[in-house]
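Coordinate inspection notes
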Amino acid sequence: MTALARPTNGRMIGGVCAALARRFGTSATTMRVIFLLSCLLPGPQFVLYLALWILFPSEGKASRTAW
């Protein structure tokens, strides 16, 4: 499994689905379809997507260190 970081290539909106797809070894399209299908169910899917967008670092920023 790879680290959770939003990729710079292959993003649609924020790269959250692409990051989750790389983490779990599936295609980004599959993860996007799962997300869209989950939006049919009641729940905070859009809020979760926004939170993950904020929490997951961008791929370029994840490789840099503060020191």
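Quick caveat, the model's predicted, so the values are computed rather than measured.

1. Describing the packing of aromatic side chains
Enumeration according to the criterion identifies 3 aromatic pairs in this entry. Taken together, a centroid distance of 6.0 Å and an interplanar angle of 90° make the contact between F35 and F46 edge-to-face. Pair noted here: F35 is in helix α2 (residues 28-38) and F46 is in helix α3 (residues 45-55), with a separation of 11 residues, a long-range link. Put simply, the rings of F35, F46, Y49 and W53 touch in pairs and so form one group of aromatic residues.

2. Side note on the packing of helix α1 (residues 16-24) against α2
Between α1 and α2, the shortest axis-to-axis distance is 8 Å and the interhelical angle comes to 120°. Comparing their axes, α2 and α1 come out oblique. With respect to the hand of their crossing, α1 and α2 are arranged in right-handed fashion. Two secondary-structure elements touch here, α1 through C17, A18, L20, A21 and F24 and α2 through A28, M31, R32 and F35. Tallied by class, the residues present in the contact of α1 with α2 amount to 8 nonpolar, no polar and 1 charged.

3. Regarding the pattern of salt bridges
The tally for this structure, following the rule as stated, stands at 1 salt bridge. Residues R22 and E59 are paired through a salt bridge, measuring 3.0 Å at the closest nitrogen-oxygen approach. Of this pair, R22 sits in helix α1 while E59 sits in helix α4 (residues 59-63), and the two are 37 residues apart along the sequence. Overall, R22 belongs to the partly exposed group, its relative accessible area being 39%. Overall, the relative accessible area of 30% leaves E59 in the partly exposed class.

4. A short note on the side chain of Q45
Along the polypeptide, Q45 turns up in helix α3. At 2.6 Å, the side chain of Q45 and the backbone oxygen of S38 are in polar contact. If sequence neighbours within four positions are ignored, Q45 has contacts with F35, S38 and C39.

5. Comments concerning the layout of surface pockets
Roughly 200 Å³ of volume is contained in the largest pocket. Forming the boundary of the largest pocket are M12, I13, G15, V16, C17, A18, R32, F35, L36, F46 and Y49. Breaking the lining of the largest pocket down by element, the ones donating at least two residues are α1, α2 and α3. Grouping the constituent residues of the lining of the largest pocket by class yields 9 nonpolar, 1 polar and 1 charged.

Each value, and the rule that gives it
Position labels on residues start from 1 in each chain and follow its written sequence. Per-residue local features of the predicted model are confined to residues with pLDDT of at least 70, and side-chain atom pairs are confined, for both listing and counting, to 80 or more; whole-chain, interface and lining totals are unaffected and use all residues. In computing side-chain values, all of the structure's heavy atoms are included and hydrogens and water are not. Working definition: a ring pair exists when centres of Phe, Tyr or Trp rings (six-membered ring for Trp) sit within 6.5 Å. Plane angles under 30 degrees give stacked, over 60 give edge-to-face, the rest tilted. In this text, helices come from DSSP runs of H or I with a minimum length of four residues, and strands from runs of E with a minimum of two, each type numbered from the N-terminal end. In this analysis an axis means a line fitted to C-alpha atoms, helices contributing only their contacting stretch, and an angle means the value between N-to-C directions, from 0 to 180 degrees. Here the word oblique covers every angle except those under 35 degrees (roughly parallel), over 145 (roughly antiparallel) and from 65 to 115 (roughly perpendicular). For any helix crossing, the convention is left-handed if the near helix is rotated counterclockwise from the far helix by under a right angle, and right-handed if that rotation is clockwise. Contact between two residues is taken to exist if any of their heavy atoms lie within 4.5 Å; hydrogens are not considered. Only Asp, Glu, Lys and Arg are considered charged in this grouping, and only Ala, Val, Leu, Ile, Met, Phe, Trp, Tyr, Cys and Pro are considered nonpolar; every other residue, Gly among them, is considered polar. Just to be clear on terms, a salt bridge is a Lys or Arg side-chain nitrogen sitting within 4 Å of an Asp or Glu carboxyl oxygen. Each residue's exposure class comes from its accessible area (1.4 Å probe, protein chains only) as a fraction of the maximum for that residue type: buried when under 20%, exposed when over 50%, partly exposed otherwise. Counted as a polar contact is a pair of N or O atoms within 3.5 Å, where, for protein atoms, one must be capable of donating a hydrogen and the other of accepting one, and residues adjacent in sequence contribute only when both atoms are in side chains. Using a 1 Å grid laid over the protein atoms alone, points where a 1.4 Å probe fits but cannot get out form a cavity; open sets with protein on both sides within 12 Å along at least 5 of 7 lines form a pocket; any residue with an atom within 4 Å of a point counts as lining. Grid points are joined across faces, edges and corners, and a volume is the space filled by probe spheres set on the points.

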